[in-house]
Amino acid sequence: MTKGPKDTFDEKERELAAQYWQEVTKHIPEWRMVIEKELSPAQMRLDFIHAHGVGLHAIGLLGKHLLCQEPHNWQARLSKLSKVNWLKTNPEWVRRSMNLGKLSKSTQNIQLTANALKIELGLPLTPEEKALEKQLS
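Residues numbered from 1 in each chain as written. Predicted model: local features only at pLDDT ≥ 70, side-chain atom pairs only at ≥ 80, totals over all residues. Heavy atoms only, no water.

Caption draft 1: Inspection of the packing of aromatic side chains at higher detail. According to the stated counting rule, one finds four aromatic pairs in the structure shown. Their ring planes at 50 degrees and their centres at 6.0 Å tell us that Y20 and W74 sit as a pair that is tilted. You can see Y20 sitting in helix 1 (residues 11–26) and its partner W74 sitting in helix 5 (residues 74–78), a full 54 residues away along the chain. Taken as a pair, Y20 and W74 share a single burial class, namely buried. Taking the centre distance of 6.3 Å and the plane angle of 25 degrees together, the rings of W21 and W31 count as stacked. With W21 in helix 1 and W31 in helix 2 (residues 29–35), this residue pair connects regions lying 10 residues apart in the sequence. Overall, the relative accessible area of 32% leaves W21 in the partly exposed class. Among the aromatic residues, ring-to-ring pairing joins Y20, W21, W31 and W74 into one connected group. (Phe/Tyr/Trp six-rings, centres within 6.5 Å; stacked < 30°, edge-to-face > 60°. Helix = DSSP H or I, 4+ residues; strand = E, 2+ residues; numbered from the N terminus. Buried < 20%, exposed > 50% of the residue type's maximum accessible area, 1.4 Å probe, protein only.)

Right under this line is the structure:
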């Protein structure tokens with residue numbers, strides 16, 4: 001199910017992607033607050049990692065895993081996203097998503113961020129992801 005940037009997507013895949021992001025939105029309160037105009041996008045970006053490339057990419061990687069590994073149960077799993085502490089000041093993100101105090105979109109930072117989300121949702125890590133976790137500790 002892995003596709004590259006130049007690959008095409010059929011209508012069914014587009015619909016599934018839209019469903020995934022709609023479901024994610026249900027479980028990230030700040031995204032709903034922006035939609036309802038209760039929070040400005042600029043304010044959200046100041047405080048929350050999910051409003052930046054590293055967070056968005058990690059949520060996308062989480063979706064790839066969920067849709068491949070749990071095609072019939074992925075929606076239920078996403079409900080745990082509402083329990084994630086998305087604040088940039090969360091020490092977990094400082095360790096995983098930042099280099100020298102700044103958010104980083106390096107492949108390693110994105111994967112470490114995605115790993116944290118998988119762990120939070122109770123999903124197993126691949127051997128490669130486990131090895132990356134070992135390097136972190």
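Caption draft 2: Expanded view of the nonpolar core. Ranked by internal contacts, the top residues of the largest apolar core, which has 27 residues, are L62, L78, L81, W86 and L117. If you list the elements that add at least two residues to this core, you get helix 1, helix 4 (53–69), helix 5 and helix 7 (107–120). Per element, the largest residue contribution to this core is six residues, and it comes from helix 4. Residues within four places of L78 in sequence aside, it is in contact with Y20, E23, V24, H27, L62, L66 and L121. (Core = buried A, V, L, I, M, F, W, Y, C linked by side-chain atoms within 4.5 Å. Contact = heavy atoms within 4.5 Å.)

Caption draft 3: Region of the structure containing helix 7. In this model, helix 7 (14 residues) spans 20 Å end to end at C-alpha, consistent with the 20 Å of a helix rising 1.5 Å per residue. Three or more residues of helix 7 are buried, namely N109, I110, L112, T113, A114, N115, A116, L117 and K118. The inward-facing, buried residues of helix 7 contact helix 4, helix 6 (91–97), strand 1 (98–99) and helix 8 (127–136). Following helix 7 by one or two positions, G122 adopts a phi angle in the positive range, close to 75 degrees. (Expected span 1.5 Å × (residues − 1).)

Caption draft 4: Molecular detail of the layout of surface pockets. Volume-wise, the second largest pocket comes out at about 170 Å³. Together, L61, L62, K64, H65, C68, Q69, Q111, A114, K118, T126 and E129 line the second largest pocket. Every element with two or more residues in the lining of the second largest pocket is listed here: helix 4 and helix 7. Ranked by residue count, the leading element in the lining of the second largest pocket is helix 4, at six residues. (1 Å grid on protein atoms, 1.4 Å probe; cavity = no way out; pocket = protein on both sides within 12 Å on 5 of 7 lines; lining within 4 Å. Points joined across faces, edges and corners; volume = space filled by probe spheres on them.)

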